[in-house]
Each structure stands twice: as structure tokens, then as C-alpha cells.
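# Summary of the model geometry
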Amino acid sequence: ELKIAYRDVPELKDQILYYRGYVSFLKRKDTRAVKMLEEIVNKYPLSSKRNGAIQVLQEIYFGEGADSLYIAISGKYTAPKSDYQLYRLAQSYYNIGSIEKAKKIFNGLINNKQYALRSKEMLALISYTEKGADVAINNFLKLQTEYRNTDSYYDFIILSLARLYAIKKEKNQIPKNMDLK
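Note that this is a predicted model, so its numbers are computed, not measured.

## What to know about the overall build of the protein chain
- Counting its regular elements, the protein chain contains ten helices and zero strands.
- Across the 181 residues in the protein chain, those meeting the buried criterion constitute 40%.
- In the form shown here, the protein chain has an accessible surface area of approximately 11300 Å², with 51% of it arising from carbon and sulfur atoms.

Set out below in C-alpha cells:
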């Protein structure tokens, strides 16, 4: 309806594009949504809907594992980034191998209640690539004592320890209820 009623009002084109793009996203028509939302970002830099379009694009890109696109679009976001956006940005940096950038963001989130455990887990995982399995195991063991097994994302600690012990061929350290074949 908006498209028909306001099609000749150029001042509203960005808003119409945003709502159409957002509806396409909700309907899981991501290709169509991306096209419209990217048009807002590229053609309407002063639009009040630009940051909203970027947030939807971030959801799409992260969901698709398009880490480089997530990073690129995040750089165009002009409002302060939420911790949710920062965690995903750090994860994207990690995924493309920009470890130092990822570490910086993860370190900035370790005092955030919602993202502390996940950020510390990622830092422990990074320690494996930088310093080896022994250091990573010690980091995960510290997390195991710091958090309860009922905490969200606690299972990642156990899985990481099992994997690290398997890498070190210390199968006697793998919890008995873990089947690693």
C-alpha cells in the first residue's frame, strides 16, 4: 500500500525500501532483502533507516557465514554498536583469521555478564592457536571452575577440553560420557 500511495514522493523512497526489505527478511527472502537494504546503505547515507538497514544486513550476513560482508557493513554503522553486534563482529574477525582484532573485542566483552563466558571461551580457543594445547587446556580448566555447568554455553568448555585432550592423545582425560571417535 505504501508503495502505491507514496510512490511519487522521493523523500520517502528510503523508508519504503527499508520496510519492503525488512518484510522480505521476515519472509526469509534474503536475496531480495539484501538488494533493497544495500540500496539504502549505498544511496541514502543520511537516511534515518540506514542503521536499521545495516542491522538487518548484519543478521543476514552473520546467518549466512558471510564474515567479510558482516565486517564491512559493520564499519558503516554510525550509532554505538551493541554488545550483541560487537560479539558477532569479534566472531567474524576470528573466522577470517584477524585474531588480534577479534581478541581486542573479546577482551572488551569479558566484563559483560551476557557475553563474558562466550568471550572468555573464544579467548581460550585463540590461546590454542597462539600458545598450544597445554595453555588452552589450562584456560578452559579455569573457566570450568569459574562457571557452573548450568550456565549457558558451558558445554563449549567441556567440548573444547575433550577436543584438546584428543589432540594431545590424552584420552584418559576425556570425560567418560563423551563419545569421540
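Now, onward.
## Digging into the side chain of Gln-58
- Looking at the secondary structure, you find Gln-58 in helix H4 (residues 50–64).
- Accessibility expressed as a relative area gives 2% for Gln-58, which makes it buried.
- Setting aside anything within four residues of it in sequence, one finds Gln-58 in contact with Tyr-70, Ile-73, Ser-74 and Gln-85.

## Things to note about the nonpolar core
- Of all hydrophobic cores here, the largest spans 33 residues; its most connected members are Leu-37, Leu-57, Tyr-61, Tyr-94 and Phe-106.
- Not counting residues up to four positions away in its chain, the partners in contact with Phe-106 are Tyr-87, Ala-90, Gln-91, Tyr-94, Ser-119, Met-122, Leu-123 and Ile-126.
- Grouped together as the second largest cluster of nonpolar side chains are 15 residues, Ala-124, Ala-136, Tyr-154 and Tyr-165 included.

## Examining unusual backbone geometry
- For Arg-28, which is not glycine, the phi dihedral falls at a positive 65°.
- Located in the positive-phi region is Tyr-153, a residue other than glycine, with phi close to 75°.
- With respect to the helices and strands, Tyr-153 occurs in the loop between helix H9 (133–146) and helix H10 (154–167).

Parameters and conventions
Residues numbered from 1 in each chain as written. Predicted model: local features only at pLDDT ≥ 70, side-chain atom pairs only at ≥ 80, totals over all residues. Heavy atoms only, no water. Helix = DSSP H or I, 4+ residues; strand = E, 2+ residues; numbered from the N terminus. Buried < 20%, exposed > 50% of the residue type's maximum accessible area, 1.4 Å probe, protein only. Areas by Shrake-Rupley, 256 points an atom, 1.4 Å probe, with all protein chains shown as cover. Contact = heavy atoms within 4.5 Å. Core = buried A, V, L, I, M, F, W, Y, C linked by side-chain atoms within 4.5 Å.

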